[in-house]
Amino acid sequence: MGHRQDEEGSMDRYDSSNCDFLPFKTPTLSCRSWSISDSETGKPLMWHRPKEILQPASITKVVTAMVVLDKCARMSEADKKKYLRQKCEVSPYAASFAAWHDEYGWNAGTNAKLKEGEWYTVRELLFALMLPSGNDAAICLAEALGMSYRPDQDPPPSSS
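As a starting point, this report considers the structure included with it. In this text the structure is predicted, and so the values were computed from the model without any measurement. Within any chain, residue numbers begin from 1 and follow the written order of that chain's sequence. Reporting of local features is limited, given that this is a predicted model, to residues whose pLDDT is at least 70; pairs of side-chain atoms are given and counted only at 80 or more, and all residues count toward the totals for whole chains, interfaces and linings. Values reported for side chains reflect all heavy atoms of the structure, with hydrogen atoms and water molecules removed beforehand.

## Here's the deal with the overall build of the chain
Okay, so step 1: In DSSP terms, a helix is any run of H or I states spanning at least four residues, a strand is any run of E spanning at least two, and both are numbered starting from the N terminus. The number of helices and strands found in the chain is five helices and eight strands.
Okay, so step 2: For the chain, the succession of helices and strands along the chain, N to C, is β-β-β-β-α-α-β-α-β-β-β-α-α.
Okay, so step 3: Reported accessibility uses the Shrake-Rupley method at a 1.4 Å probe radius. Residues are deemed covered only where the shown protein chains occlude them. Accessible surface computed for the chain: about 10900 Å², of which carbon and sulfur atoms make up 56%.

## Some words on unusual backbone geometry
Okay, so step 1: Phi at K113 takes a positive value of approximately 60°, unusual for a residue other than glycine.
Okay, so step 2: Inspection of the secondary structure assignment puts K113 in the loop between β7 (105-106) and β8 (119-121).
Okay, so step 3: Per-residue accessibility, obtained with a 1.4 Å probe over protein chains only, is compared with the maximum for each type, and a residue is labelled buried under 20%, exposed over 50%, and partly exposed between these values. For K113, a relative accessible area of 40% gives the class partly exposed.
Okay, so step 4: Of note in this structure, S133 is not a glycine but carries a positive phi near 60°.

## Re the side chain of S91
Okay, so step 1: Note on placement: S91 falls in the loop between β5 (87-89) and α3 (92-95).
Okay, so step 2: Take S91: its relative accessible area is 15%, and that puts it in the buried class.
Okay, so step 3: Contact criterion: two residues are considered in contact whenever any of their non-hydrogen atoms come within 4.5 Å of each other. Not counting residues up to four positions away in its chain, the partners in contact with S91 are E116 and E143.

## Things to note about the nonpolar core
Okay, so step 1: V122, L125, L126, L129 and L141 are the most contacted members of the largest nonpolar core, which has 20 residues in total.
Okay, so step 2: Where this core is concerned, the elements lending two or more residues are α1 (58-73), α3, α4 (122-130) and α5 (135-145). By nonpolar core we mean a set of buried residues, namely Ala, Val, Leu, Ile, Met, Phe, Trp, Tyr and Cys, connected to one another through side-chain atoms within 4.5 Å.

## Observations regarding the packing of aromatic side chains
Okay, so step 1: Pairs were defined over the aromatic rings of Phe, Tyr and Trp, the Trp ring being its six-membered one, requiring ring centres within 6.5 Å. Orientation was assigned from the angle between planes: stacked under 30 degrees, edge-to-face over 60, tilted for the rest. Applying the stated criterion across every chain yields a total of one aromatic pair.
Okay, so step 2: When the ring of Y93 is compared with that of F97, the centres are 5.4 Å apart and the planes differ by 85°; the resulting orientation is edge-to-face.
Okay, so step 3: For Y93, a relative accessible area of 24% gives the class partly exposed.
Okay, so step 4: Overall, F97 belongs to the buried group, its relative accessible area being 10%.

Next up, the structure:
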């Protein structure tokens, strides 16, 4: 697998011409950015423009909701109620996904219009995530309930 630099100077680790060993034809990709990681170690295997800043895709928001709901499914009824009532604070980063710009209105992505410093329950954030497809709600849930990752920082260390 080769490394190459694209027109914007971003390093890629993907070149379909080096995939002749695969028993199938590699697909043509139209994504602006993507990555594939080992499911057991989390080690990145292939990527294309990994540091490009993009709005979360809807499938990412669905997976975020599934992670929260899966966590609920593993809890007792009492713990589930407590968990869904857990309060989460909207960070400046999460609120930036619901920014208003005088020039063009709300930012390019969909949001639930959460404001920095506001507090919401996990249940309220799930609704904000799924009904208006809130990028800000997805970030708030991820920050409160999981490891936070921002593209401008180094990737988290691998478990190897």
